[in-house]
Amino acid sequence: MNVNGSSLALGPAGNLVAVWSTQTQIVCSALGPDGAATSPVEVALSDGTAPDHPAVAAVGSRFAVAWQEQAMGTGADVIRLRMVDAACQPVTAATTVSSVGTPDLAAAASSLDGTHAAIAWRSGTSIRGTFVDENGAAGAEQRFLDGGSDATVWGVQLAGIDG
């Protein structure tokens, strides 16, 4: 197995969800609070081409999984989002949350109260993103940071947010 990008999130009940890219799929695996597997070794989540740079964050009793991939049909780079339960079983279809530029390098973080997650990505010289709730409802895409014409943005990392 060739792993290309990975992310971990700890849920409020102590469940650990790991996501990673195999260069052909974004996959998920979960452990319960006792360390026992609660999912198959790999649950496939992506449905596009060349998925990469996965990120995961706990949102209520679910997990928001985001990644970059090439959209089916167009080949355009997009950021996709899918909600999974604590056993990595999908509870929503994969949806596109990016709409501007050429997005890549997805990142995710939970709110401190666990009710929302921030999903962010690089798009040219800016950082863009959205907020999602436990049901996978995403808000409008926003510019979080504008680096200007001379900026070089190498990556995106997020930490817990309050509210």
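Everything quoted here is computed from the prediction, not taken from an experiment.

Conventions and cut-offs
- Residues numbered from 1 in each chain as written.
- Predicted model: local features only at pLDDT ≥ 70, side-chain atom pairs only at ≥ 80, totals over all residues.
- Heavy atoms only, no water.
- Patch = residues over 30% accessible without salt bridge, like charges linked within 9 Å, V, L, I, M, F, W, Y side chains within 5 Å.
- Areas by Shrake-Rupley, 256 points an atom, 1.4 Å probe, with all protein chains shown as cover.
- Salt bridge = Lys/Arg side-chain N within 4 Å of Asp/Glu carboxyl O.
- Helix = DSSP H or I, 4+ residues; strand = E, 2+ residues; numbered from the N terminus.
- Buried < 20%, exposed > 50% of the residue type's maximum accessible area, 1.4 Å probe, protein only.
- Contact = heavy atoms within 4.5 Å.

Enquirer: Can you break down a nonpolar patch on the surface residue by residue, with the values?
Expert: There is a patch of nonpolar side chains on the surface, built from F131, F144 and L145 and spanning about 250 Å² of accessible area. Inspection of the secondary structure puts F131 in strand β11 (residues 126-133). For F131, a relative accessible area of 33% corresponds to the partly exposed category.

Enquirer: Describe in detail the environment of G139, supporting the description with residues and values.
Expert: If you trace the backbone, G139 turns up in the loop between β11 and β12 (142-146). In the structure, G139 is positioned 21 residues away from A118 in sequence and 9.9 Å away in space, judged by C-alpha atoms. G139 has contacts with T130 and F131, leaving out every residue within four places of it along the chain.

Enquirer: How would you explain the pattern of salt bridges if you had to name every residue and give the values?
Expert: Scanning the entire structure with this criterion turns up 5 salt bridges. Here D47 and R80 are joined by a salt bridge, their closest N and O atoms 3.0 Å apart. Pair noted here: D47 is in the loop between β4 (43-44) and β5 (49-59) and R80 is in strand β7 (residues 77-84), with a separation of 33 residues, a long-range link. For R80, a relative accessible area of 11% puts it in the buried group. Here R122 makes a salt bridge to D104, at a shortest N to O gap of 2.7 Å. With R122 in strand β10 (residues 116-123) and D104 in strand β9 (residues 103-110), this residue pair connects regions lying 18 residues apart in the sequence. What makes D104 buried here is its relative accessible area of 17%.

Treat this as a map of the structure, not an account of what it does.
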